[in-house]
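Residue-level structure breakdown
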Amino acid sequence: MSVDSPGIIVERAFPAAARDALRDSQLRRNIGKATNTIRAKRKAVVAEMPDWQDLRDAGYAIKRDTLRHLDRHLLALEASVTAAGGTVHWARDGEEANRMVGDILAGHQAKEVLKIKSLTTDEIGLNGALSARGIEPIETDLAEVIVQKGHDRSSHILVPAIHRNRAEIREIFKRELPDTEHLTDEPRDLADAARRYLRQKFLTVPYAISGANFAVAETGSVAIFESEGNGRMCLTLPRVLISIMGIEKVIPRWADMSAFLQLLPRSSTAERMNPYNSVWSGTRAGEGPEEFHLVLLDNGRSDVLADEPARDTLNCIRCSACLNICPVYERTGGRAYGSTYPGPIGAILTPQMNAPPSPADSLPFASSLCGACYEVCPVKIDIPRILVHLRGKVVAARGAKTALDGEALVMAAMARVFENPRLYALAHKAAAIGQVPFIRDGAIKSLPGPLAGWTAMRDLTPIAKQSFREWWKARDR
Ligand code: SF4
């Protein structure tokens, strides 16, 4: 996938991409170290909260109720933003959103635009679309600077450059940033180099694009929570501010923010509170941007909303706790998921935004269903249940298309055997005899033909000579 293409379109199936990622031992070390650290910190700050489970319930309830009446809340948001002096744009898909943003900037003859970290703009490939119109997007979040200057793709929702170590970052900065000939790989030096570059941009570029963590329908306020303060520079200094958000980011009331202000920082950066909490409502003379645009993006979200068993996917507040706990993510890293949204949330969100058949169909299978993601999710998304639901859809679609598919035939035969006790007893006897040539040292270490996959990574325990029913009968005698 090209760096600037829409980050929701998956071009390679997960197994192939994961195999490549697993060969990169440096990547595994970087990700393992980072996720272990964040996991331990998160655990400690969550343990400080005796009412954590109640907060999770509250977060879930707010999201669930909001989604039930999403249309109403979005119209209320539009009215509030307009009353506060902003302009609301409705975008059906990424192409439409990119065109709207490009038109606004072109109307100002903009040549450069600042950006505060926004997954949604990655999702729609906004950077590539703006570059094609001669407008250079300038990422300002430190990790995003590393990704952009490395001509790379993000691999974590919150720490996009998690796959890079200090030495790699120094090389990127030396190649791409001014005045870096004597740069060391000390974190302070690296941060200083980025700061010098960004300060100059903050002071000279009068246009900015942001994402949004939440938007409050009753007040028209948009909120971003971040750790570096670069976002605040983007939100306050430019003359024109364009914020892009998925339609699921709306919350009805200001009071609803209280639950998320506690859930989000602890689950994401393992902080009690984000250092910078910026909230803006429309425009005000002499303060902040003179022109404010809010782009409300659908891009497949209405379809997710319509699929009731998968609807909770839209609860996600992009904290990344599920990534940091996931044993699959820890080994493969984010890029193997092939989209802006890696890890367990990507495994359920991305396939719903890619019409089947697509390489994204492999993502619901990129999980051992261990359930750790559900345990840590601050808004109680039952990711394993949604994974199973999506697997069912993939299998049903495949079954309908390939009636003679080998795996489908084997599964159909197995179903017949398992539902018939006589057939099951016969199959058991046949398998107990048939396995004999393959048993070595009490285990089946390799099977032939299409069954070889089962033993490629593991030994199988041989089938017992006597079935449970036979043993039970013999015991009664
Ligand atoms: S699914 Fe839950 S844990 Fe994962 S990023 Fe979203 S809110 Fe966080």
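Residues numbered from 1 in each chain as written. Predicted model: local features only at pLDDT ≥ 70, side-chain atom pairs only at ≥ 80, totals over all residues. Heavy atoms only, no water.

Focus: the pairing of strand β4 (residues 207-210)
Along β4, one buried face is formed by Tyr207 and Ile209 and the opposite face, lined by Ala208 and Ser210, is buried too. Looking at chain direction, strand β2 (residues 112-115) and β4 are connected through 2 bridges and run parallel. Paired with Lys115 across the strands is Ile209, a residue of β4. Of the pairings in the sheet, the one linking β4 to strand β7 (residues 240-246) comprises 4 bridges and is parallel in character. For Ile209, the partnering residue across the bridge sits in β7 and is Ile242. (Buried < 20%, exposed > 50% of the residue type's maximum accessible area, 1.4 Å probe, protein only. Helix = DSSP H or I, 4+ residues; strand = E, 2+ residues; numbered from the N terminus. Pairing = 2+ DSSP bridges.)

Some details on the nonpolar core
In this structure, Phe14, Phe214, Phe260, Tyr337, Ile348 and Ile381 are the most contacted members of the largest nonpolar core, which totals 56 residues. Ignoring any residue separated from it by four or fewer positions in sequence, one finds Phe260 in contact with Gly59, Ile62, Lys63, Phe214, Ile251, Pro265, Ile317 and Val379. Of all hydrophobic cores here, the second largest spans 44 residues; its members include Leu77, Ile169, Ala194 and Leu198. (Core = buried A, V, L, I, M, F, W, Y, C linked by side-chain atoms within 4.5 Å. Contact = heavy atoms within 4.5 Å.)

Some words on a nonpolar patch on the surface
A contiguous nonpolar patch, built from Val410, Met411, Met414, Phe418 and Tyr424 and spanning about 510 Å² of accessible area, is present on the exposed surface. When residues of the nonpolar patch are assigned to their parent elements, the largest contribution, 4 residues, is made by helix α19 (residues 406-418). (Patch = residues over 30% accessible without salt bridge, like charges linked within 9 Å, V, L, I, M, F, W, Y side chains within 5 Å. Areas by Shrake-Rupley, 256 points an atom, 1.4 Å probe, with all protein chains shown as cover. Salt bridge = Lys/Arg side-chain N within 4 Å of Asp/Glu carboxyl O.)

What about the sheet that holds strand β9 (residues 276-281)?
Spatial strand order, β8-β5-β6-β9: 4 strands in an open sheet with mixed pairing. If you trace the sheet from one side to the other, it starts and ends with β8 (250-251) and β9, each paired once. Sheet topology places strand β6 (residues 221-226) next to β9; 6 bridges connect them, and they run antiparallel. Residue pairing for β9: Ser221 is matched across the bridge by Ser281.

Description of the site of the ligand
Neighbouring residues of the ligand: Cys316, Ile317, Arg318, Cys319, Ser320, Cys322, Ile345, Cys377, Pro378, Val379, Ile381 and Ile383. Residues of the shell around the ligand, tallied by class, amount to 10 nonpolar, 1 polar and 1 charged. (Near = heavy atom within 4 Å. Nonpolar A, V, L, I, M, F, W, Y, C, P; charged D, E, K, R; others polar.)

Focus: the layout of surface pockets
Space inside the largest pocket adds up to approximately 1,500 Å³. Lining the largest pocket are 49 residues, and of these Ala143, Leu158, Val159, Glu228 and Thr269 lie nearest its centre. Of all the secondary structure elements, the ones that give two or more residues to the lining of the largest pocket are α2 (25-47), α6 (119-123), α8 (142-149), α9 (166-176), α10 (187-204), β6 and α12 (257-268). It is α2 that provides the largest number of residues to the lining of the largest pocket, a total of 8 residues. Considering only residue class, the lining of the largest pocket consists of 23 nonpolar, 15 polar and 11 charged. Taken as a whole, the second largest pocket spans an internal volume of roughly 940 Å³. Around the second largest pocket sit 24 residues that line it, and Val410, Met414, Leu447, Leu451 and Trp454 are the ones nearest its centre. Listing elements by their share of the lining of the second largest pocket, those giving two or more residues are α19, α20 (421-434) and α21 (452-455). Considering every element that reaches the lining of the second largest pocket, the biggest residue donor is α19, with 7 residues. (1 Å grid on protein atoms, 1.4 Å probe; cavity = no way out; pocket = protein on both sides within 12 Å on 5 of 7 lines; lining within 4 Å. Points joined across faces, edges and corners; volume = space filled by probe spheres on them.)

Focus on the environment of Gln435
Looking at the element boundaries, Gln435 is found in the loop between α20 and β11 (439-440). For Gln435, the contacting residues outside a window of four places in its chain are Ile444, Pro462 and Ile463. Among the polar contacts listed, one links the side chain of Gln435 to the backbone oxygen of Ala432, at a separation of 3.5 Å. (Polar contact = N/O pair within 3.5 Å; in protein donor to acceptor, adjacent residues only side chain to side chain.)

Thoughts on the side chain of Asn299
The residue Asn299 is located in the loop between β10 (291-297) and α13 (301-306) in this model. A distance of 2.8 Å separates polar atoms of two side chains, one belonging to Asn299 and the other to Glu123.

Here we look at the side chain of Asn354
By secondary structure assignment, the location of Asn354 is in the loop between α16 (343-352) and α17 (372-376). A relative accessible area of 8% places Asn354 in the buried class. In this structure the side chain of Asn354 is engaged in a polar contact, spanning 3.0 Å, whose partner is the backbone oxygen of Thr350. The contact partners of Asn354, leaving out residues within four places of it in the chain, are Ile8, Ile9, Val10 and Ala360.

Digging into the environment of Ser320
Relative to the assigned elements, Ser320 resides in the loop between α13 and α14 (321-325). The class of Ser320 is buried, set by a relative accessible area of 2%. A sequence separation of 21 residues divides Ser320 from Tyr341, and the C-alpha atoms of the two residues are 9.7 Å apart.

Structural notes on helix α4 (residues 70-83)
The terminal C-alpha atoms of α4, which comprises 14 residues, lie 20 Å apart, in line with the 20 Å expected from a rise of 1.5 Å per residue. Those residues of α4 that sit buried are Leu70, His73, Leu74, Leu77, Ser80 and Val81. Taken end-on, α4 shows its buried residues confined to a sector of 125°, consistent with a single buried face. Those residues of α4 that are exposed and aimed more than 90 degrees away from the buried face are Asp71, Arg72, Leu75 and Ala83. Within two residues after α4, Gly85 carries a phi angle of roughly 100°, on the positive side. (Expected span 1.5 Å × (residues − 1). Arc of directions from axis to C-beta.)

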